[in-house]
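Spelled out, the chains give:
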Amino acid sequence: MRENTIALPPSQRITVIDALRGFALLGVILMHMLDHFGYTSVSGVIFPSKWDGIIQWFTNTMIRGKFISIFSFLFGLSFFIQMDRASKKGFDFRGRFLWRMLLLFVIGLIGLSFTYVDILTIYAVFGVVLVFLFPLKNWVLMLLVCLLLIGVPNWFIIGFDNIRFDNVVIEQPVVAVLPDMVEQSVGNNSPESSTFFQSAKENLTVKTLDKLKFQFIYSNTGYMILALFIMGFIVGRLRFFEQVHIRKKRNIVLFLLFLVSTFILLMVIKLMPKVPVNLLTTGTEVPFIALVISALNSLSTITLSATLAMGFISLYQVAGIRRYLNLLTPYGRMGLTNYEMQNVMGAILFSAWGFGSIFGSMGAALLFVSGLIIYSLQVVVSEHWMKHFLYGPLEWLWRSGTYLKWQPFTRKQKSQKAEVISQQRSI
């Protein structure tokens, strides 16, 4: 009963965060599987069966943009946890964290060579931004979050002179773009990517540049990531997760609040006029209503992501369910390794130098099931791995590089180190 009345000490690992990270990576792999990890175009896909259509609709509605948002939020939360624990030990972690972000950027570059949908390089850059935002008060950070979510950076890119505040409808071709997609690739049969090295060169140059243009110039996607980082940092400051296991009613109230907010936003969007203008067209006049719709879409993505996260957290507090959700905890602790392994496996399955000719022609339902199988295998491997090792392979390398010293890797090494420290203290 004591567990239900006392908040966790800040130094203790909060397992629900690891489990939630593992849950987020489920949505990430399912989304990327249906997008062929960026190796094949998704335009003009013909669904062989009704199940393909249902799966595609479900993915676009419930998964696309939502789970990667949870993953991004948790990165900002992890930033706070690291800074907070370091400050409690009496030292400033900011310089070390900047070095840590440089290492993450390098890891991200390796990931980009497999698939340009890898997002770690952007995470590393925004991690540096977080360091400089660290001294700001919460209200200033929340103001910045609001400005990012309503798309203020896009207003400057479009140009205020190009924003129309009248009701004149501008006839322009509508380009259908999915919320968190980058520009579509040329496909599996491209002669420019028939080998791994040709594909890596294309991913690191042309495709990455197209991705950055889409995320930061033609849409609000990139700025949403930074907003989520900041929100994770603020939630960490509020000690939300340190008391999450004793505030069960609050968790349910937040779940319902986010659910209702999502419903209201989606209804408002549905009632908005159909404006035949998209933000991919720069240098032309854009109706203000189009910017409003874009902002509402961003907000609905955030609230639905929060609904999914709070629903997971609320279920995690039910003892009978927690025992099953805890299967995701080792997976989440190895989040960096598992994320990059997803990208490597995705490249092998969909690239021209891999099995793209086979998996690239599969329907959405088969790809969805394949993603579940890969994820389940990763869950099993992660569970067995964490029984013998303290960190995932990439986590261990990243941690060792952060401190410029090889860290204990196996649980046996940790026990030996603890025994040596105990003996030294007894002398």
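What counts, and at which threshold
- Residues numbered from 1 in each chain as written.
- Predicted model: local features only at pLDDT ≥ 70, side-chain atom pairs only at ≥ 80, totals over all residues.
- Heavy atoms only, no water.
- Helix = DSSP H or I, 4+ residues; strand = E, 2+ residues; numbered from the N terminus.
- Buried < 20%, exposed > 50% of the residue type's maximum accessible area, 1.4 Å probe, protein only.
- Contact = heavy atoms within 4.5 Å.
- Areas by Shrake-Rupley, 256 points an atom, 1.4 Å probe, with all protein chains shown as cover.
- Axes fitted to C-alpha atoms, helices over the stretch in contact; angles between N-to-C directions.
- Parallel < 35°, antiparallel > 145°, perpendicular 65-115°, else oblique.
- Left-handed = near helix turned anticlockwise from the far one by under 90°.
- Phe/Tyr/Trp six-rings, centres within 6.5 Å; stacked < 30°, edge-to-face > 60°.
- 1 Å grid on protein atoms, 1.4 Å probe; cavity = no way out; pocket = protein on both sides within 12 Å on 5 of 7 lines; lining within 4 Å.
- Points joined across faces, edges and corners; volume = space filled by probe spheres on them.
- Nonpolar A, V, L, I, M, F, W, Y, C, P; charged D, E, K, R; others polar.
- Salt bridge = Lys/Arg side-chain N within 4 Å of Asp/Glu carboxyl O.

Some thoughts on the overall build of the protein chain
- The helix and strand tally for the protein chain stands at 18 helices and two strands.
- In the protein chain, which comprises 427 residues, the share counted as buried stands at 50%.
- Taking all contacts inside the protein chain whose residues are at least 6 apart in sequence as the whole, residues at least 24 apart take part in 80%.
- Within the structure as shown, the protein chain displays about 21200 Å² of accessible surface, and the carbon and sulfur contribution to it stands at 69%.

A few points about the side chain of Thr121
- Mapping Thr121 onto the fold places it in helix H5 (residues 120–133).
- The exposure class assigned to Thr121 is buried, which follows from its relative accessible area of 9%.
- Those residues in contact with Thr121 that lie beyond four places of it in its chain are Phe105, Gly108, Leu109 and Leu112.

Some words on the packing of helix H3 (residues 67–88) against helix H9 (residues 221–237)
- At a minimum axis separation of 7 Å, H3 and H9 run at an interaxial angle of 45 degrees. Relative to H9, the element H3 lies oblique. In this structure, H3 meets H9 at a crossing whose hand is right-handed. On the side of H3, the interface is formed by Ser69, Ser72, Phe73, Phe75, Gly76, Leu77, Phe79 and Phe80, while H9 contributes Ile225, Leu228, Phe229, Met231, Gly232, Phe233, Val235, Gly236 and Arg237.

With respect to the packing of aromatic side chains
- For the coordinates displayed, the defined rule picks out 30 aromatic pairs.
- Between Trp396 and Phe409 the ring centres are 4.6 Å apart and the planes differ by 25 degrees, which places this aromatic pair in the stacked class. Taken together, the residues Trp396 in helix H17 (residues 393–403) and Phe409 in the loop between H17 and helix H18 (411–426) connect sequence positions 13 residues apart. In this structure, Trp396 and Phe409 share a single accessibility class: buried.

A few points about empty space enclosed by the protein
- As enumerated under the stated definition, the model contains two cavities of 30 Å³ or more in all.
- Volume-wise, the largest cavity comes out at about 100 Å³.
- As for the largest cavity, its lining consists of 13 residues, and the residues nearest its centre are Ile14, Phe80, Ile81, Arg239 and Glu242.
- For the lining of the largest cavity, the element with the highest residue contribution is H3, accounting for five residues.
- In the lining of the largest cavity, the residues fall into eight nonpolar, one polar and four charged.

Describing the pattern of salt bridges
- Tallying each qualifying case throughout the model produces six salt bridges.
- Here Asp92 ties to Arg94 by a salt bridge, and the two come within 2.8 Å at their closest N and O atoms.
- For Asp92, a relative accessible area of 49% puts it in the partly exposed group.
- Between Arg239 and Glu242 there is a salt bridge, with the nearest N and O atoms lying 3.0 Å from each other.
- Here Glu242 falls in the buried class, since its relative accessible area comes to 13%.
- Several salt bridges share partner residues, and in doing so they unite Asp84, Lys88, Arg239 and Glu242 into one network.

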